[in-house]
Amino acid sequence: DTVVRTDLGYFNIKISVETTSDKVIKSTYNESGIEVDNAYLDNVASVVISNQKKLVYTHDFRKQEFASIIDKTFLRRFEFNHSDAKALYFDAIIGIPDASTSYVIAIKITIDGKLSMKMR
């Protein structure tokens, strides 16, 4: 839980990341050249933003929503980044199973609840 002070007032932000039953399959090859599929469970990031107890935005983010920006991977983290006079900014960290590679998706949520996303 985070409380953010902006020029437009205080915003309460609640973010929780939970494991789902959604499976992510990653194919690899073993030393014999045989393809092996590894299954992982994906995460969902729930975001609730309110201002003076008035709901501004609520949504459950899943990896499918980022498909137009990145490959099939899984949601690792969702965190508050910063704010300005017009919006709250978050980072969705999308990772590849068994790899150190991650994508960072910048998410902007305006005070009237409009959402936009782009790769950072």
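Everything below is about the structure shown above.
These numbers were taken from a predicted model, which means no experiment stands behind them. (Residues numbered from 1 in each chain as written. Predicted model: local features only at pLDDT ≥ 70, side-chain atom pairs only at ≥ 80, totals over all residues. Heavy atoms only, no water.)

This paragraph deals with the packing of aromatic side chains. Applying the stated rule across the entire model yields four aromatic pairs. Their ring planes at 20 degrees and their centres at 6.3 Å tell us that Phe-61 and Phe-66 sit as a pair that is stacked. Each member of the pair, Phe-61 as well as Phe-66, is classed as buried. For the ring pair Phe-78 and Phe-90, a centre distance of 5.6 Å and an interplane angle of 35 degrees mean the geometry is tilted. Of the two residues, Phe-78 is situated in strand 5 (residues 74–83) and Phe-90 in strand 6 (residues 87–95); the sequence distance between them amounts to 12 residues. (Phe/Tyr/Trp six-rings, centres within 6.5 Å; stacked < 30°, edge-to-face > 60°. Buried < 20%, exposed > 50% of the residue type's maximum accessible area, 1.4 Å probe, protein only. Helix = DSSP H or I, 4+ residues; strand = E, 2+ residues; numbered from the N terminus.)

Across all of its chains, the model carries three salt bridges by this definition. Arg-77 is the salt-bridge partner of Glu-79, the closest N and O atoms lying 3.2 Å from each other. Under the relative-accessibility criterion, Glu-79 is labelled partly exposed at 32%. Between Asp-91 and Arg-120 there is a salt bridge whose closest N-O contact spans 2.7 Å. Of this pair, Asp-91 sits in strand 6 while Arg-120 sits in the segment after strand 8 (115–119), and the two are 29 residues apart along the sequence. Assessed through its relative accessible area of 10%, Asp-91 is described here as buried. (Salt bridge = Lys/Arg side-chain N within 4 Å of Asp/Glu carboxyl O.)

Remember that side chains alternate between the two faces of the sheet whenever the strand is regular. With eight bridges joining them, strand 5 and strand 6 adopt antiparallel strand pairing. Bridging from a neighbouring strand, Phe-78 pairs with Ala-92 of strand 6. (Pairing = 2+ DSSP bridges.)

Here Thr-20 lies in strand 2 (residues 9–29). With residues up to four places along the chain from it excluded, the contact list for Thr-20 reads Leu-41, Asp-42, Asn-43, Val-44 and Arg-62. (Contact = heavy atoms within 4.5 Å.)

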